[in-house]
Each structure stands twice: as structure tokens, then as C-alpha cells.
Amino acid sequence: MNAAARWARRAPLLPALIFTIAVTQLPFVATLVISLMRWNSLDPRNRGFAGVDNYVAVFTDPDLRSAIGTTVVLTVVVVLVSLLLGLGLALLLDRKFAGRGLVRTMLIAPFLVVPVAAALLWKHALYNPEYGLLNGALTWLFGEGAPQPEWISGMPLTAVEAALVWQWTPFMMLILLAGLQSRPQDAVEAARIDGASSWQIFTHLTLPHLRQYLELGALLGSIYIVQNFDAVFTITSGGLGTANLPYTIYQTFYQAHDYGQASAAGVVVVVGSIIIATFALRVVSSLLREEGRA
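Per chain, residue numbering runs from 1 following the sequence as it is written. For a predicted model such as this one, the threshold for reporting local features is a pLDDT of at least 70, and the threshold for listing and counting side-chain atom pairs is 80 or more; totals across whole chains, interfaces and linings nevertheless cover every residue. Neither water nor hydrogens contribute to the side-chain values; these are computed over all heavy atoms in the structure.

Student: I'm lost on the overall build of the protein chain in this one. Help?
Tutor: Under the scheme used here, helices are H or I runs from DSSP no shorter than 4 residues and strands are E runs no shorter than 2 residues, and both carry numbers assigned from the N terminus. When its secondary structure is counted, the protein chain shows 14 helices and 2 strands. Here the C-alpha radius of gyration of the protein chain, 24 Å, is well above what a compact globule of 294 residues would show, namely 19 Å. Overall, the C-alpha framework of the protein chain stretches about 80 × 80 × 35 Å when taken along its three principal axes. Remark: exposure states derive from per-residue accessible area (1.4 Å probe, protein chains only) relative to the maximum for the residue type, with buried under 20%, exposed over 50%, and partly exposed in between. Residues counted as buried form 35% of the 294 residues belonging to the protein chain. We call two residues in contact when some of their heavy atoms are within 4.5 Å. For the protein chain, restricting intrachain contacts to residue pairs at least 6 apart in sequence, the fraction spanning at least 24 positions comes to 69%. Carbon and sulfur atoms make up 68% of the accessible area of the protein chain, which amounts to about 17000 Å² in all. Radius of gyration means the value over C-alpha atoms here, while the globule rule gives 2.2 Å times the residue count to the 0.38 power. All accessible-area figures derive from a Shrake-Rupley calculation using a 1.4 Å probe, and residue coverage is judged against the displayed protein chains alone.

Structure follows, in C-alpha cells:
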């Protein structure tokens, strides 16, 4: 095929490529340029090239370092708990029982809820100390003298983590359920005939088969949870030690009006997400190769 024929095939894709570059790469390049500048709208005269000073500030400023630590803790806890719960639900749905389709639909529903709406649901319908469902359940179980904890102020980070776990467990469940249903059934049947117990089948056959699906769920979940803003902003407004890096970027940009430092923190988040996404793509590629060989 000559060059003219190749360009004739590629030409219809050029508008889409140009549009993608315009809406994704150009804003990132602009953010990268601003991150190298000293730019605070409250001090317009002190504007100029700052080099890597903004990046140094990201890793040395106590608030930003605390936000990085909170982001790591939030991501690790939510991903691990969601994976464990998702694995349990996937194992349940892999069995045949009456109403399995309805149960599957109900379990997927939390993932389909708009993130802000989900955060508002947890903040007001569950956590509210006066009319929330959690304190209402305590009163129903133990009577009028039941404790009425302040869930958000008493355990703020746990409150945010619980809301995110509720929303992301269905995502993990779907990935792991797909892995379970691609499991070679002949090997499972052979193990049962040889007298292997359910636990032995799970540890020696099911879990090794699900390893890459677990990795994929953890990597994809990490990409999104690292960037989570809705739950932190809605439930705690970043207070009580729950401010993660995206929320701190919001504060730096809209409240401190330090565009250079906020852009540098944003670049750090993007680079971290790209690193995680690279590993995720490798896992997906390996899964596709294995499916092709099968």
C-alpha cells in the first residue's frame, strides 16, 4: 500500500485526533507552563518564572504533604476493602440461585449513582445524628438511651472511606465476576472429582486465576479514587484531616488564588495517574493475550 492510500485511510480520523488533542493535551500543556510560573492573583505584580519552586512547595508544604498522605491512605483503604467485598459478592453471584439477575442489578446500582448524589445520600440520609439511618437503627435496636454518635465529626476519614467503598465495590465485583466466569470449568470439576474441598479449589485454582483481575481492579480503582473530589467536598468539606490532594488543589486555586502552585499539584496528580494507568494497561494487555491463547 503506497503512502497516498495510507493517508486516504487515515484522513477521516484526523478531525477526531485534532479534537482530542485540543481538549486534552493543550490544557495539560497550559497547566504545565503555569506550574513553572510564580502566579498569585492576590499579588499580581509578583509574577514571573519560578522554575521548580512550585513543585518543591508541593512536597515541602505541610498542608500539601498531609494531603498527599491522606490521598494515599484513602486510596489504599478504599481499594483494598472494595476488592475484598467485591470478591465476596462475585463468588456469591457466580452461583446459581433464584433471583440472581435481580440481586446482580441491585448490587450494581450504587456504582451508577452520580458521585455527588451518593455523597449527599451518605451525609444526610445515613450520617445525620438527628434523623440519619445509622442512629435510627441504633435507637431501634437499643431503645431511647442508645448512643447517637456524630459519625462525620467523630470519624471523618472513615466516613468518607465508607461512602467510597459503597460506590466502588460494585465496580470491583463486576471485574472479578467476569474473571470467575472465564475460569476453566473442566479443571474445577476435575479437582472436585479428586476430592478437593471448596477452600482448596478457591486457593489453588480460583485465586491464581483471579490474580490479574484483582490487579486490574486495584489499578483502575486507584486511578479514579486518587482523583476523587466529590466525596471529600460534600461530606466533610476537606475538614478534620480529610483534605486529599484534589481538594487541596481546589483550595489553593480558588481560595488562595495561587495558580502556579495549584497547577504544580495538579501535574503531580496527573503524573501519578499516568504511572498507575501504565501498569493497568499492561495488565489489560496480558489478560487479552491470555484470552487469545485460550
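Student: So what exactly am I meant to see when it comes to the UniProt feature "transmembrane region" (unreviewed entry) in the protein chain here?
Tutor: As recorded in UniProt, the feature "transmembrane region" (unreviewed entry) lies at residues 12-37, 67-93, 105-122 and 262-284. Summarising residues 12-37: 85% helix, 4% strand, and an end-to-end C-alpha distance of 39 Å. UniProt positions are given in the numbering used here, feature names are shortened, and annotations may be inferred rather than shown by experiment.

Student: Teacher, can you tell me more about the nonpolar core here?
Tutor: One recurring pattern in soluble globular proteins: nonpolar side chains tend to sit buried together. Side-chain atoms within 4.5 Å are what join buried Ala, Val, Leu, Ile, Met, Phe, Trp, Tyr and Cys residues into a set we call a nonpolar core. With 39 residues, the main nonpolar core has V160, L164 and I235 as its most contacted residues. For this core, the secondary-structure elements that each account for two or more residues are α4 (62-93), α6 (115-126), α8 (151-154), α9 (156-181), α11 (198-226) and α12 (230-236). For this core, the element with the most residues is α9, which contributes 13 residues. Setting aside residues up to four positions removed in sequence, V160 forms contacts with L74, A231, V232, I235 and T236.

Student: I keep staring at the pattern of salt bridges and nothing clicks. Help me out?
Tutor: Should their charged atoms come close, side chains of opposite charge can pair. By definition, a salt bridge exists where a carboxyl oxygen of Asp or Glu is found within 4 Å of a side-chain nitrogen of Lys or Arg. Counted according to the given criterion, the structure contains 1 salt bridge. A salt bridge links R211 to E215, with the shortest nitrogen-to-oxygen separation between them at 2.8 Å. Residue R211 and its partner E215 are located together in helix α11, separated by 4 residues, close to a single helical turn. Classification of E215 by relative accessible area gives partly exposed; the value is 31%.

Student: Can you help me understand the packing of aromatic side chains in this one?
Tutor: To describe a pair of aromatic rings, you give the distance between the ring centres and the angle between the ring planes. Each aromatic pair joins two rings of Phe, Tyr and Trp (for Trp, the six-membered one) with centres within 6.5 Å, and gets the label stacked for planes under 30 degrees apart, edge-to-face for over 60, and tilted for any other angle. Per the stated rule, a full pass over the model turns up 17 aromatic pairs. Arranged with centres 5.4 Å apart and planes meeting at 65°, the rings of F229 and Y250 form a pair that is edge-to-face. Within this pair, whereas F229 is found in the loop between α11 and α12, its partner Y250 is found in helix α13 (residues 245-254), the two being separated by 21 residues in sequence. By relative accessible area, which is 26% here, F229 ends up partly exposed.

Student: Can you walk me through the environment of V226 in this structure?
Tutor: Examined against the element boundaries, V226 turns out to sit in helix α11. Sequence-wise, V226 and I18 are 208 residues apart; in three dimensions their C-alpha atoms are separated by 28 Å. Leave out the neighbours within four places in its chain, and V226 touches T71, T75, P246, V269, S273 and I276.

Student: I tried to follow α6 on my own but got confused; where do I start?
Tutor: In an α-helix, one turn spans 3.6 residues, which is why side chains three or four residues apart end up on the same side. Look at α6: 16 Å from first C-alpha to last across 12 residues, which is about the 16 Å you get at 1.5 Å a residue. Contact partners of the buried residues in α6: α7 (133-142), α9 and α12. Multiply 1.5 Å by the residue count of a helix minus one, and that product is the helix's expected span.

Student: Mind showing me how you'd approach the UniProt feature "domain: ABC transmembrane type-1" (unreviewed entry) in the protein chain here?
Tutor: Here, the residues flagged by UniProt with the feature "domain: ABC transmembrane type-1" (unreviewed entry) are residues 68-280. Here residues 68-280 is 79% helix and 0% strand, with 21 Å between the C-alpha atoms at its ends.

Student: I'm lost on the side chain of T248 in this one. Help?
Tutor: Here T248 shows up in helix α13. Residue classification places T248 among the buried residues on the basis of a relative accessible area of 6%. The term polar contact refers here to a pair of N or O atoms within 3.5 Å; inside protein, the definition further demands a hydrogen-donor-capable atom paired with an acceptor-capable atom, and it admits residues adjacent in sequence only when both atoms are side-chain atoms. Engagement of the side chain of T248 in a polar contact is seen with the backbone oxygen of N244, the distance being 2.8 Å.

Student: What is the right way to read the packing of helix α3 (residues 53-60) against α4 from this model?
Tutor: Between two packed helices, both the angle of their axes relative to each other and the distance between the axes serve to describe the pair. Between N-to-C directions, angles cover 0 to 180 degrees, with each direction set by a line fitted to C-alpha atoms, over the stretch in contact for helices. The geometry of α3 relative to α4 is characterised by a closest axis approach of 5 Å and an angle of 65° between their N-to-C directions. Residues A57, V58, F59 and T60 of α3 form the contact with α4, whose participating residues are P62, L64, R65 and I68. Here the contact of α3 with α4 is composed, by residue class, of 6 nonpolar, 1 polar and 1 charged. Classes in brief: Ala, Val, Leu, Ile, Met, Phe, Trp, Tyr, Cys and Pro nonpolar; Asp, Glu, Lys and Arg charged; the others, Gly included, polar.

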